[in-house]
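# Secondary and tertiary structure notes
Each chain, letter by letter, is given below.
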Amino acid sequence: MDVQSSLPWTLETAIMVLLIGLPFAAFVAGLGLRSRRWNPVMAIGAMSASTLLATYLVFGAKIESPVHTRFNWISFSDATLSLGLYADRMTLALLLMISVISLLVMIYSLAYLKGDALFDRYWTYLSFFCSAMLALVTADSLIGIFICWEWVGLGSWLLIGFWNTKQGPARAATQAFLLNRIGDAAFLAGILLALSLTGTTDISQLLAWSVTAQPETLTILSLLLMGGSLAKSAQFPLQIWLPNAMEGPTPVSSLIHAATMVAAGVYLLIRTFPLFTHQSLMVLGTLGGVTALMAGLAALVQWDIKRLLAYSTVSQLGLMFLVLATGRPDAALFHLITHAVMKCLLFLAAGSVIHQFHHALPSFSEPDNLFSGTRDPQLPLHQDMRLMGGLRKSMPWTFVVYLMAAASMAGIPFTAGFLSKETMLGGLFANEAQPPAIRLLWLILGLTSFALTTAYLGRQAYLVFWGENRFSKSMGNLSLGPATDAPGQMRLPMALLAAGTLFFGFSLLPFEAEKSWALHLMNLHAPETPSWMIFVSLTLIGAGAAVCYVMVRGEVSARFSRQGWGQRVLLNHFFQEKIMYRVFATPLLQFSRWLKVLDEKVVDGAFTVGAHLLVTSRPGWPQLSNIANSIENHLFDGAVRSIYLGIGRLGKVVRKVQTGRVQWYLWLSLSLWAILMMWVVIVWKK
């Protein structure tokens, strides 16, 4: 490895390394410790320190110009792969967002997962996941982002399949992993193309190269990068994994949807936005708008309290893609941050309902005729909104914070969501780079999706918190038992996030996004939106509320037992998963079966018959075959046996390190981290 320091080591760089490394150190220590008591202490302590460091970088360090440090990793004759850290004002804001939300989710998880059999393992996975995302947003090159991209994918696979003894979580984790590999293949192809064209994957150098590059080349490169983002941010046609990822713990869902995995795709597009051409932006905006509409319609009919929010995330990410394609990365980034706060709170509020409903719910057997057979047997009773209702009386705290998050997501005035929504609407109406037909299509897709946001969140709020508690009627007059509000450890994170949903969390003026201190902090300047934009926003809210009223009235009057063909189509997300399985998976599985038969019956059979004829037809050949058999058994098989026996002996040696003493684990992890930091400092100084 050719290691040469290309850019200097600074204090800010050291702080960023420490900020990323502390959660990773908690992950390493947690692997060895496996303690239900100390693993959460280490994870929360490390993330608290990372949050303080991020706060210092944003508000105390006064960084005006980007901080950039890198070293050459691998050098070829005409190309160099470099790794490094890059932080501008936008990156620092994202570091703070990820750190704060991760810390709040960790505090919430203390009560939510208390008593879980895998409680210690949860904190190990969570620390790794957060460290990977912090590293991703500070990577200075495409290859660095890709490495962290894969770490984030591994962390999501571990957390989605956290309860891997159940079929649902294991299947959802595998589906998320495989579908993201499709996007990763496109992303990797884009990296190889950039490397072959420019000899580097450093983003700042690629942006400088794009000024003189051929438009056709940039179109191909940007489409490949977009392919990676489509999978990671769950956009059409690779969006089906995200709703199924709700099989993991609710705090994990909150973190994935708010500040980590799905945000990575949007972040990549924002960082590489100058590489996109007119043609690639047209594809990006259309796919984003179609995804936003499809997911918004699917959310409108869901009964699962978490699955509805998952489709909401897909829809909101689609709107970010759409607005990004209009040439407004500032608006997309602003909504990415406000959406992180709002969606995190929505999931935590939903988790509060699920947590209390689950603990108050005795082990009832489900009636055969529940909702006239329209209920999905895979949907847990404590997540079915048809069995809820009236919870605003028994869970007033959860009701208030949920209402604040939903109002902000819908874009109600005096909320943070209103500000980011205004900037996005401004981008949609000011778009003049695309042909008139495309502009009209994007307006229809965007405005309809904005209206649907109010509709599906209003429907969820009514089904969960208003009306009467429908459990006893639906379950044959069986009593649910007392439902209490969330405990204090779950209330504190929700209270802090609820404050962030109001306008003063991002701007001192409730109706002027261009005066936002948050945008100024990131060195972004949103252009002024016309004064009539607020009437467009209020009209969309009113239209969504009308749709919500009509739907809820019809569902309640039919006692949730009526299910038309349209609802079946939307509940199954236009049967996209089944279509993809039949078009791609079924032929592939059949082809693999044919190959298996060909290998076992034809190829192996031909070798067996040929060897038998050869051995029996000539004198002396049986002795030669015995010699070959002896070589295979002793040399080749012996080598394999030596390898796994050696690994076993090494495991016995390493096992002695696991003493069970907390002091030993802490000392070991700190020593390893100190050695790593010394190596980094020495190498980069050279």
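Residues numbered from 1 in each chain as written. Predicted model: local features only at pLDDT ≥ 70, side-chain atom pairs only at ≥ 80, totals over all residues. Heavy atoms only, no water.

### Side note on the overall build of the protein
The following threshold applies: Put simply, DSSP marks the helices as runs of H or I at least four residues long and the strands as runs of E at least two long, and each gets a number from the N terminus on. Exposure classes here rest on a 1.4 Å probe applied to the protein chains alone. A residue is buried below 20% of its type maximum, exposed above 50%, and partly exposed in between. By definition in these notes, contact holds between two residues if any of their heavy atoms fall within 4.5 Å. Using a 1.4 Å probe, the Shrake-Rupley method yields the accessible areas, and only the shown protein chains count as cover for residues.
A tally of helices and strands in the protein yields 26 helices and 2 strands. Here the protein, with 686 residues, has 54% of them falling under the buried criterion. For the protein, contacts bridging at least 24 residues in sequence account for 80% of all contacts bridging at least 6. Accessible surface computed for the protein: about 29,800 Å², of which carbon and sulfur atoms make up 67%.

### With respect to unusual backbone geometry
Geometrically, the link from F236 to P237 is a cis peptide bond, its omega value of 5° lying close to zero. One can find P237 in the loop between α8 (215-232) and α9 (241-244). In this structure, A234 is a non-glycine residue whose phi angle is positive, near 55°. Structurally, A234 is set in the loop between α8 and α9.

### Structural notes on helix α18 (residues 436-465)
Our working definition: One less than the residue count of a helix, multiplied by 1.5 Å, gives the span that helix is expected to have.
In this model, α18 (30 residues) spans 44 Å end to end at C-alpha, consistent with the 44 Å of a helix rising 1.5 Å per residue. Looking at the residues trailing α18, positive phi occurs at G467, about 70°.

### Looking at the packing of helix α2 (residues 38-60) against helix α3 (residues 89-112)
Test applied: Orientation is described by axes fitted as lines to C-alpha atoms, over the contacting stretch for helices, and by angles from 0 to 180 degrees between their N-to-C directions. With respect to orientation, any angle under 35 degrees is reported as roughly parallel, any angle over 145 as roughly antiparallel, any angle of 65 to 115 as roughly perpendicular, and every other angle as oblique. Crossing chirality is assigned from the near helix's rotation relative to the far helix, an anticlockwise turn below a right angle marking it left-handed and a clockwise turn marking it right-handed. Under the scheme applied here, ten amino acids are nonpolar (Ala, Val, Leu, Ile, Met, Phe, Trp, Tyr, Cys and Pro), four are charged (Asp, Glu, Lys and Arg), and all others, including Gly, are polar.
Two elements in contact, α2 and α3, have axes whose closest approach is 9 Å; the angle formed by their N-to-C orientations is 155°. Relative to α3, α2 is oriented roughly antiparallel. The two elements α2 and α3 cross, and the hand of that crossing is left-handed. In contact with P40, A43, I44, M47, S48, S50, T51, A54, T55, L57, V58 and F59 of α2, α3 contributes R89, L92, A93, L95, L96, S99, V100, S102, L103, M106 and L110. Among the residues making up the contact of α2 with α3, the classes are represented as 16 nonpolar, 6 polar and 1 charged.

### A closer look at the nonpolar core
Using the following cut-off: Nonpolar cores are built from buried Ala, Val, Leu, Ile, Met, Phe, Trp, Tyr and Cys residues. Side-chain atoms within 4.5 Å join them into one set.
Grouped together as the largest cluster of nonpolar side chains are 195 residues, with contacts concentrated most on L136, L142, F187, W241 and L284. When residues in this core are grouped by element, the largest group, 19 residues, is from helix α14 (residues 329-360). Apart from residues no more than four positions distant in its own chain, F187 is found in contact with L142, I145, F146, W149, L224, L225, G228 and L268. Of all hydrophobic cores here, the second largest spans 5 residues; its members include A26, A29, L33 and M42.

### Quick word on the packing of aromatic side chains
Formally: Whether two aromatic rings pair depends on their centres lying within 6.5 Å, for rings of Phe, Tyr and Trp, where Trp uses its six-membered ring; planes under 30 degrees apart make the pair stacked, over 60 edge-to-face, and the rest tilted. In this scheme, the term charge over a ring applies when either NZ of a lysine or CZ of an arginine sits within 6 Å of the ring centre and within 35 degrees of the ring normal.
All told, the structure shown has 20 aromatic pairs when counted by the stated rule. Ring plane angle 70° and centroid distance 5.7 Å describe the contact between F503 and F504, whose orientation is recorded as edge-to-face. Looking at F504, the relative accessible area reads 45%, which means it is partly exposed. Counting every residue linked through ring pairs, the aromatic cluster contains F119, Y122, W123, Y125, F162 and W163. R181 extends its terminal NZ or CZ atom over the ring of F177, reaching a point 4.3 Å from the ring centre. Sitting above the plane of the W303 ring, R459 keeps its charged end 4.6 Å from the centroid.

### Observations concerning the side chain of N431
Positionally, N431 belongs in the loop between α17 (416-430) and α18. Ignoring anything within four residues of it in the chain, the contact list for N431 reads T326, R439 and W442.

### Things to note about the side chain of D116
Where we set the bar: Charge convention: Lys and Arg are scored as positive, Asp and Glu as negative, and His as well as the terminal groups of each chain are ignored. Note on definitions: salt bridges are taken to be side-chain nitrogens of Lys or Arg within 4 Å of carboxyl oxygens of Asp or Glu.
For D116, the position within the fold is in the loop between α3 and α4 (119-138). In this structure D116 is buried but unpaired, with R36 as the nearest side chain of opposite charge at 6.3 Å. When residues no more than four places from it in sequence are discounted, the contact partners of D116 are R36, F162 and W163.

### Brief notes about a nonpolar patch on the surface
We apply this condition: Like-charged residues within 9 Å of one another, or nonpolar side chains (Val, Leu, Ile, Met, Phe, Trp, Tyr) within 5 Å, are grouped into patches, provided each residue has over 30% relative accessible area and no salt bridge.
Together, L588, F591, W594, L595, L598 and V602 make up an exposed nonpolar region whose accessible area comes to about 630 Å². Tracing the sequence through the fold places L595 in helix α24 (residues 576-617). Given the relative accessible area of 43%, L595 is considered partly exposed.

### Some words on helix α10 (residues 250-258)
Most of α10 is tucked away: 9 of the 9 residues are buried. The complete set of buried residues in α10 reads T250, P251, V252, S253, S254, L255, I256, H257 and A258.

### Focus on the pairing of strand β1 (residues 67-75)
Using the following cut-off: A pair of strands is labelled paired if DSSP reports no fewer than 2 bridges between them.
As paired elements, β1 and strand β2 (residues 80-87) share 8 bridges and run antiparallel to each other. Paired with I74 across the bridge in β2 is L81. Between β1 and β2, which pair antiparallel and follow one another directly, the connecting turn spans 4 residues.

### Regarding the environment of V28
With respect to the helices and strands, the residue V28 is situated in helix α1 (residues 11-33). A C-alpha to C-alpha distance of 9.7 Å links V28 and W673, two positions 645 residues apart in sequence.

### Topic: the packing of helix α12 (residues 278-299) against helix α13 (residues 305-325)
Remark: α12 packs on α13, axes separated minimally by 7 Å, with the N-to-C direction vectors making an angle of 155°. Of the possible angle classes, the one that applies to α12 and α13 is roughly antiparallel. Between α12 and α13 the crossing geometry is left-handed. Of the residues in α13, those in contact with L281, L284, G285, G288, G289, T291, A292, A295, G296, A298 and A299 of α12 are L308, Y311, S312, V314, S315, G318, L319, F321, L322, L324 and A325. Looking at the contact of α12 with α13 residue by residue, the class counts come to 14 nonpolar, 8 polar and no charged.

### So, the pattern of salt bridges
Tallied over the full model, the rule gives 6 salt bridges. Between R70 and D202 there is a salt bridge, with its nearest N and O atoms 3.6 Å apart. With R70 in strand β1 and D202 in the loop between α6 (167-198) and α7 (203-210), this pair connects stretches of sequence that are 132 residues apart. D202 matches R70 in its accessibility class, with the two residues each being buried. A salt bridge links R181 to E150; the shortest N-O distance between them is 3.4 Å.

### Considering the environment of F450
Tracing the chain through its elements places F450 in helix α18. With 25 residues separating them in the primary sequence, F450 and L425 have C-alpha atoms 9.3 Å apart. When residues no more than four places from it in sequence are discounted, the contact partners of F450 are L319, K421, M424, L425, L428 and L540.

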